[in-house]
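In case you want the letters, here they are:
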Amino acid sequence: MTDSLRGVLPPVYRPLFGSFFDRPKVVETRATCDKCAMCDHGQPSPVAMDYFRPDTKCCTYFPQLPNYLVGAILADPSPEMEEGKRRVREQIKRRFGTTPHWLNRPRKLTLIMLGYAEGFGRAKSLQCPYFDEANPAASCTIWRHREAVCLTYYCKYSGGKRGFDFWSSFKNYLWHVQRRLVKAAADAVDPSVVEPAFRRNALTLEDLEDLPPKDSDYAAWWKSWVGREEEFYVRCYEWVKKVTREQFVANVDEIETGRACLSDLVAKYEQLQNRVLPSRLVRNARMTEQHAGDKVVVTTYHRFDSFALDKDLYEVVGMFRASETLQENLARLAAEGIELAPELIEFLYVAGVLVEPAGPPKTEAKADASALEAKRAALSAIIRARNISLPPPAQEKIAKADLATLDAWIVRAATATKTAEIFGEDEKGST
Ligand code: SF4
Ligand code: SF4
C-alpha cells in the first residue's frame, strides 16, 4: 500500500476510497522538501530569485481542518503526534475558527490570504501554527492527517503541467470528500449544532479586533458542546471510521460533483502516466518572460517553476499555428528545415511552453464538442495503456457516447482488464 495512491492518504480515508487509489502513487522528486527546493542553497540561477524562508518553506498557510481530521489527530496515540495535538488543542481553545464542521483560520487571515502571493513562502507572520521550525526533519506536526491543500501542494512537478493538473484535480476531489463528510459527521454526532453561515469576505467587529466570536454566538453554534469541542471532533472521527464503502460511494462518489471530480482525477492521472498530447499546440501566450542574453527565462503554469529556454527555440515555438494540427505544424516546420524531435515536443508541453490553443470564444455546442473530443482521447489512451484491444463495435460506442457516459467509462477503464468491464453487459462478445 505504501507505493499506491492509497498509501499517501490520511488513514481515515484508506478503507473508503475506490480501487483507482490502488494505482501507483505519483512521486515528485523535484520538490525536495528536506532540502527545500525553493530555499537558497547557493544554486545557480539565470535570473534573480525570490527564495522562500527556510523557517517557513511553503507553510505560510493556515489550513482549514475538517472536523473528523481534527478528531483523528486528537485520537492518534503515536508519540510523534503529541506536538501536533498540543497545537491543535491550542487552536480549538482560541475559538477563532472553531466551528462544528471545521477548525479554521481567523477570518481576517482568510481576507489577507486573498492577496498574499508576494509573501507566500516568505512572510514569517503567515507561518502555519502546526509548523515546527525547531524540527526541520518533521516540521509539519500533523502530517499524517493533513487536509486537501497540504496533501496535494508541490512547488515543482516531475511531470510538469500534467503533474500540476493531476494534483489540482486530486485536491478538488479531496475538497469534495471533505465537504460531504464534515456535514454528515456533524449531523450524525448532534443534529442540533449549527455551522455559522458568515457572509463571504465580510468581517465582524470581533474579527477586525482580533477577538474570538461573542460567547452568545459561539454557544448558539456549539450548543451543549461548549467546552467539549475536542470530544465532538473525536466523535466525528469515530463516526467517519464507521462509514462503509457502500455508504461512501452512494453519498460522496456517486453524487453529481463526486462523479465529475473522480472522473477528472482518473483522466488527469492517465494523462500524466500515458503522456497524452493534445492534437493542437501553440506557444503559451500567458507565460511571463525575462530575456537574459541568448536565453529566455519563462514562467508557465506555476510561478515557482521558472526555467531558461534558448532564444532560438523560443522563436521556433512562436511559429506554431492554432489553425493547424500538431502534425501539420511539424510538417510545415520540417519543410522549412526545422526538425523538432518528439521528445522535445513532449518536454515543451510538459513544461507549459506549448499549450492547447484557447481559440476564439466557443459556443456551447463547440465547447461540448471539444470536451467530448478530449474525453474520447483520454478514454482511448487509458484502454491502450491497459493493453485492452478495442474492436470496431466498442470504437463505435465511444464515438457515439455523451459526456456523462464517457466519464463513467473512464472510471471503469482505470481498473479494467477487458472491454466488457468498461462497457458493461451490453458489450458481451466484443472482447
Ligand atoms: S513543496 Fe514546499 S517544502 Fe517541499 S520543496 Fe517545495 S516549497 Fe519546499
Ligand atoms: S498543516 Fe503541515 S503541511 Fe500544512 S501548512 Fe501546516 S505545517 Fe505545512
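### Topic: the overall build of the protein
- When helices and strands are tallied, the protein shows 17 helices and seven strands.
- Relative to its length of 431 residues, the protein is compact, with a C-alpha radius of gyration of 24 Å against a globular reference of 22 Å.
- C-alpha extents for the protein along the principal axes are approximately 75 × 60 × 40 Å.
- For the protein, the proportion of its 431 residues judged to be buried stands at 30%.
- Considering only residue pairs separated by 6 or more positions, the protein has 71% of its internal contacts joining residues 24 or more positions apart.

### Section: the nonpolar core
- Within the largest apolar cluster, 71 residues are counted, with the highest numbers of intra-cluster contacts made by Tyr68, Cys236 and Ile410.
- Take this core: its biggest share by element is 12 residues, from helix H5 (residues 160-189).
- The residues that make up this core include at least three from each of domain 1 (6-243) and domain 3 (367-427).
- When near neighbours in sequence (up to four residues on either side) are disregarded, cysteine 236 contacts Asn67, Tyr68, Gly71, Ala185, Ala186 and Val189.

### Overview of the sheet that holds strand S4 (residues 288-292)
- A sheet is described by the order of its strands in space; here three strands give the open sequence S4-S5-S6, paired in antiparallel fashion. Single-partner strands in this sheet number two, and they are S4 and strand S6 (307-310). Looking at each pair of strands side by side, their axes are set apart by 30 degrees on average, direction ignored.
- Of the pairings in the sheet, the one linking strand S5 (residues 295-299) to S6 comprises four bridges and is antiparallel in character. By the bridge assignment, valine 296 is partnered in S6 with leucine 309.

### Considering the domain arrangement of the protein
- When its domains are assigned, the protein resolves into domain 1 (6-243), domain 2 (282-355) and domain 3 (367-427).
- The C-alpha centroid of domain 3 is placed 36 Å from the C-alpha centroid of domain 1.

### Looking at the pairing of S5
- Across the two faces of S5 the burial differs, with Val296 and Val298 buried and Lys295, Val297 and Thr299 not buried at all.
- With five bridges connecting them, S4 and S5 associate as antiparallel partners. Bridge pairing in S5 places glutamine 290 opposite valine 297.

### Regarding the packing of H5 against helix H8 (residues 229-242)
- Interaxial distance between H5 and H8 falls to 9 Å at its minimum, and their mutual angle equals 110 degrees. One finds that H5 runs roughly perpendicular with respect to H8. Where H5 abuts H8, its residues Leu181, Ala185, Ala186, Ala188 and Val189 lie against Phe232, Arg235, Cys236, Trp239 and Val240.
- Split by residue class, the contact of H5 with H8 holds nine nonpolar, no polar and one charged.

### Observations concerning the site of ligand 2
- The environment of ligand 2 is made up of Cys59, Tyr61, Pro63, Cys128, Tyr130, Phe131, Cys140, Ile142, Arg146 and Cys150.
- Counted by class, the shell around ligand 2 contains nine nonpolar, no polar and one charged residues.

### A short note on the environment of serine 306
- Within the secondary structure, serine 306 is located in the loop between S5 and S6.
- Accessibility expressed as a C-beta count within 10 Å gives 18 for serine 306, which makes it partly exposed.
- Those residues in contact with serine 306, other than ones at most four positions away along the chain, are Val297, Val298 and Thr299.

### A closer look at helix H13 (residues 342-350)
- Within H13, burial applies to Leu348, Tyr349 and Val350.
- Tucked into the core, H13 has its buried residues touching H5, helix H11 (311-317) and strand S7 (354-355).

### Re the environment of glutamate 229
- As for its position among the elements, glutamate 229 is in helix H8.
- For glutamate 229, a count of 21 C-beta atoms within 10 Å puts it in the buried group.
- Considering only alpha carbons, one finds glutamate 229 and arginine 89, 140 residues apart in sequence, at a separation of 9.6 Å.

### With respect to helix H1 (residues 67-75)
- Across the nine residues that make up H1, a large majority, seven, are buried.
- Listed in full, the buried residues belonging to H1 are Asn67, Tyr68, Leu69, Val70, Gly71, Ala72 and Ile73.

### Observations regarding the pairing of S4
- In terms of burial, S4 is largely open, as just zero of its five residues are buried.
- The turn linking S4 back onto S5 is made up of two residues, and glycine 293 within it adopts a positive phi angle of 65 degrees.

### Let's talk about unusual backbone geometry
- A positive phi is found at asparagine 201, a non-glycine position, where the angle reads about 60 degrees.
- You can see asparagine 201 is positioned in the loop between H5 and helix H6 (205-208).
- Classification of asparagine 201 as exposed rests on a count of 9 C-beta atoms within 10 Å.
- Although it is not a glycine, arginine 275 sits at a positive phi angle of roughly 55 degrees.
- Along the chain, the position of arginine 275 falls in the loop between helix H10 (256-274) and strand S3 (282-283).

Rules of the game
- Residues numbered from 1 in each chain as written.
- Chains lettered and ligands numbered in written order.
- Predicted model: local features only at pLDDT ≥ 70, side-chain atom pairs only at ≥ 80, totals over all residues.
- Helix = DSSP H or I, 4+ residues; strand = E, 2+ residues; numbered from the N terminus.
- Rg over C-alpha atoms; globule rule 2.2 N^0.38 Å.
- Buried ≥ 20, exposed ≤ 12 C-beta atoms within 10 Å, placed from the backbone.
- Contact = placed C-beta atoms within 7 Å.
- Core = buried A, V, L, I, M, F, W, Y, C linked by C-beta atoms within 7 Å.
- Domains from an automatic or database assignment.
- Pairing = 2+ DSSP bridges.
- Axes fitted to C-alpha atoms, helices over the stretch in contact; angles between N-to-C directions.
- Parallel < 35°, antiparallel > 145°, perpendicular 65-115°, else oblique.
- Nonpolar A, V, L, I, M, F, W, Y, C, P; charged D, E, K, R; others polar.
- Near = placed C-beta within 6 Å.

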